[in-house]
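Listed here are the chains, written in short residue letters.
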Amino acid sequence: MKFAIVFAALFALAVAGPVSQVADIVRSDVDVGPESHNYNLETSDGTKAESQGHLENAGSDHESYVHKGSYSYVADDGVTYSVSYIADENGFQPSGAHLPVAPEALHH
């Protein structure tokens, strides 16, 4: 059940760029199994999303789902924004040139 919730939330995030028009799906490859998934999506407005994930340490106290992927979209300003991410036992960790980066902690 956790997999379905996480997958649905991250998929929604992956395609959640600014929407100003209706786009057609030009490519959609989806393979979802009980312990893994793989998908690729491309729409006519330039939006792209891809994701792979798998269950680690199945059946143990350290069971977790590792989800890696990326998405990109063309914003209203004509710029293509891209985000790569990993979601695992450490949470959702996105990276992209347009995203702010937290300063490194000072070591004393």
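The structure presented is a predicted model; accordingly, all values stated were derived computationally and were not measured.

(A) Here's a closer look at the overall build of the protein. Within the protein, the regular secondary structure consists of one helix and six strands. Going from the N terminus to the C terminus, the protein shows its helices and strands as α-β-β-β-β-β-β. Per-residue burial for the protein yields a buried fraction of 23% across its 108 residues. Taking contacts inside the protein between residues at least 6 apart in sequence as the whole, the part at least 24 apart equals 25%. A total of about 7,400 Å² of accessible surface is found on the protein, and carbon and sulfur atoms cover 54% of it.

(B) Expanded view of the packing of aromatic side chains. The full count for this structure, using the stated rule, is three aromatic pairs. When the centroid spacing of 6.3 Å and the interplanar angle of 45° are considered together, the rings of Tyr71 and Tyr85 count as tilted. Of this pair, Tyr71 sits in strand β4 (residues 64-74) while Tyr85 sits in strand β5 (residues 80-88); the two residues are 14 residues apart in sequence, bridging distant segments of the chain. Across this residue pair, the class does not change: Tyr71 and Tyr85 are buried. Linked through ring pairs, Tyr71, Tyr85 and Phe92 together constitute an aromatic cluster.

(C) Structural view of unusual backbone geometry. A positive phi angle is found at Asn57, which is not glycine, with a value near 55°. Take Asn57: its relative accessible area is 46%, and that puts it in the partly exposed class.

(D) Here's a closer look at the sheet that holds strand β1 (residues 25-32). With antiparallel pairing, six strands are arranged side by side in an open sheet as β1-β2-β3-β4-β5-β6. Strands at the two margins of the open sheet, each flanked by one partner only, are β1 and β6 (91-95). Strand-to-strand twist in this sheet, taken as the mean axis angle between neighbours without regard to direction, amounts to 10°. Pairing geometry for strand β3 (residues 48-56) and β4, over nine bridges, is antiparallel. Bridge pairing links Leu55 to Tyr65 in β4.

Here is what the cut-offs are and how they apply
Residues numbered from 1 in each chain as written. Predicted model: local features only at pLDDT ≥ 70, side-chain atom pairs only at ≥ 80, totals over all residues. Heavy atoms only, no water. Helix = DSSP H or I, 4+ residues; strand = E, 2+ residues; numbered from the N terminus. Buried < 20%, exposed > 50% of the residue type's maximum accessible area, 1.4 Å probe, protein only. Contact = heavy atoms within 4.5 Å. Areas by Shrake-Rupley, 256 points an atom, 1.4 Å probe, with all protein chains shown as cover. Phe/Tyr/Trp six-rings, centres within 6.5 Å; stacked < 30°, edge-to-face > 60°. Pairing = 2+ DSSP bridges. Axes fitted to C-alpha atoms, helices over the stretch in contact; angles between N-to-C directions.

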